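Tertiary structure, described
What follows is the residue order along each chain.
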Amino acid sequence: MSSSTTVRTARRRTLRVAAVALTAVAGLTLTACSGSDAAGAKPAGHTDTDTGMAAAESSGAGSSAGAQGSDAQAGPSAKAETKADTKAGAAGKQSGSTHATGGGTAASPVRTQRLADGISKAEIYKLGDQHYRAKIVARGSVLATLETTGRDAGLDANDMFVTLTLDGQVHSWMGGGHQGPGTFTLAGGWTAKVTKVGELRYRAQILGHDGVAATLETNQHDVGVDANGVYIVLSNGGVISAHK
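Predicted, not measured: the structure shown is a model, and the values here were computed from it. (Residues numbered from 1 in each chain as written. Predicted model: local features only at pLDDT ≥ 70, side-chain atom pairs only at ≥ 80, totals over all residues. Heavy atoms only, no water.)

A closer look at the overall build of the protein
Assigned secondary structure in the protein consists of one helix and 15 strands. Across the 244 residues in the protein, those meeting the buried criterion constitute 23%. Residue pairs at least 24 apart in sequence account for 32% of intrachain contacts in the protein once pairs closer than 6 positions are excluded. Roughly 15,500 Å² of accessible area belongs to the protein as shown, and the carbon and sulfur atoms make up 54% of that amount. (Helix = DSSP H or I, 4+ residues; strand = E, 2+ residues; numbered from the N terminus. Buried < 20%, exposed > 50% of the residue type's maximum accessible area, 1.4 Å probe, protein only. Contact = heavy atoms within 4.5 Å. Areas by Shrake-Rupley, 256 points an atom, 1.4 Å probe, with all protein chains shown as cover.)

And the structure:
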C-alpha cells in the first residue's frame, strides 16, 4: 500500500471516529437536554401546581380574610341589629305580654257573691289594705261598681241596696227604703235624719242613744255605712234604707 493510500485510510478512520464521537456527543447532549427538560418539567409542573394551590389558598385566604373582614365590619352592625331586634322583640313581647295584661287578664276576683235579687252577683277584688272593689254583674254586663276609698261604700240598684265594707264584705237586700227629706226609724234601732243640701246631694245623720253616730252625704253618687252590724245606704236621690 502506498503512503497516499495509507494517509487516506487514516483520514477516513479519523473522520469515522470523529463522526461517531460527534454522534455520541449529540446523543449525550440530547439525553442531557431531555433529562434537563424532564427534570425541569416536573419542577415546573410542581411549581405550577404549587402556584395554583397557592393561588387557590391565597384566594381562599382572601375570601376567608374578606369574610372575616366583612364579619368584622358587619359584626358590630349585625350585633347592634340583633340586639335591637332582640330589644324590639322583647319590647314587642314585652309589648304583646303588656297589652294582654291590660286588655283582659286583670287580677281575678277574690270571690264572687250572689246578690239579693237572685240575678246579679258581685265580683269582689282586693286592691290593697282596706281597699276593695265590687263589680255588680248581671247577664254578663257590669251594671255598677263600688269601691272603698277610706270608707264603706253603698249603692241603690233599683230598690236593691248593696254595701261594700272596708274589709271587703258585701251585703245586699231588697226594699225598705224611705224617701227623704225626713226623719226615719231604721233597722237596729237607729234613726236617720235626712236633709237635702243640693242637687243630687243629701245628708243623713244616723242618730243613736248617744246622739249622732255617723253622717252620710251623697255627692252625685250613693253612699253606705256599716253601723255596728246594721248596713245603711243613702242614694243620691235621698232614699235611705237599712238592713240588719
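Having seen it, we continue.
Thoughts on the nonpolar core
Membership of the largest hydrophobic core comes to 17 residues, with the highest contact counts inside it found for L186, V194, I206, L216, I232, L234 and I240. Within the residue set of this core, elements represented by two or more residues are β10 (191-198), β11 (201-208), β13 (223-227), β14 (230-234) and β15 (239-243). A134, A153, L155 and V170 belong to the second largest nonpolar core, which has 13 residues in total. (Core = buried A, V, L, I, M, F, W, Y, C linked by side-chain atoms within 4.5 Å.)

A closer look at the sheet that holds strand β4 (residues 141-147)
Pairing is antiparallel in the open sheet, where four strands are placed in the order β1-β2-β3-β4. Sheet topology places β1 (111-114) and β4 at the edges, where each strand pairs with a single neighbour. Strand-to-strand twist across the sheet, computed as the mean angle between neighbouring axes with direction ignored, equals 25 degrees. (Pairing = 2+ DSSP bridges. Axes fitted to C-alpha atoms, helices over the stretch in contact; angles between N-to-C directions.)

Digging into the pattern of salt bridges
A full pass over the atoms with the stated rule returns three salt bridges. Between R201 and E217 there is a salt bridge, with the nearest N and O atoms lying 2.6 Å from each other. On the criterion of sequence distance, the pair formed by R201 in strand β11 and E217 in strand β12 (residues 211-217) is long-range, its members being 16 residues apart. Linking R203 and E217 is a salt bridge whose minimum nitrogen-to-oxygen distance equals 2.9 Å. With a gap of 14 residues between them, R203 in strand β11 and E217 in strand β12 connect regions that are remote in the sequence. Relative accessible area serves as the criterion here: at 30%, R203 is assigned to the partly exposed category. (Salt bridge = Lys/Arg side-chain N within 4 Å of Asp/Glu carboxyl O.)

Some words on the pairing of strand β5 (residues 153-157)
As judged from the five bridges shared by β5 and strand β6 (residues 160-164), these two strands associate in the antiparallel manner. Pairing of L155 across the sheet is with V162, part of β6.

Description of the side chain of T148
Positionally, T148 belongs in the loop between β4 and β5. The class for T148 is buried, based on a relative accessible area of 0%. A distance of 3.3 Å separates a polar atom in the side chain of T148 from the backbone oxygen of Q130. Looking at T148, its side chain comes within polar contact range of the main-chain nitrogen of Y132, at 2.8 Å. (Polar contact = N/O pair within 3.5 Å; in protein donor to acceptor, adjacent residues only side chain to side chain.)

Topic: the sheet that holds β5
What the three strands build is an open sheet, ordered β5-β6-β7; its pairing is antiparallel. In this open sheet, the two edge strands, each paired with only one partner strand, are β5 and β7 (170-174). Sheet twist, expressed as the mean angle between neighbouring strand axes with direction ignored, is 15 degrees. Where β6 lies against β7, five bridges are found, and the strand directions are antiparallel. In the strand pairing of β7, V162 is matched with S172.

Section: the confidence of the model for the protein
On average, residues of the protein score 71 in pLDDT, and 57% of them are at 70 or above. With pLDDT under 50 throughout, residues 1-7 is counted as low confidence; its partners more than four residues away or in other chains account for one contact. (pLDDT = per-residue confidence, 0-100.)

Points about unusual backbone geometry
With an omega dihedral of 0 degrees, the bond running from G180 to P181 counts as a cis peptide bond. Here P181 is to be found in the loop between β8 (178-179) and β9 (182-185). One non-glycine residue, D159, lies in the positive phi region at around 75 degrees. Along the chain, the position of D159 falls in the loop between β5 and β6. Taking relative accessible area as the criterion, D159 reaches 41% and is therefore assigned partly exposed.

Looking at the pairing of β1
Within a regular beta strand, the side chains point alternately toward one face of the sheet and then the other, so they alternate between its two faces. Here β1 runs beside strand β2 (residues 121-128); their pairing, made up of four bridges, is antiparallel. The residue bridging R114 from the neighbouring strand is K121, located in β2. Connecting β1 to the antiparallel partner β2 that follows it, the hairpin turn spans six residues, and G118 within it adopts a positive phi of roughly 75 degrees.

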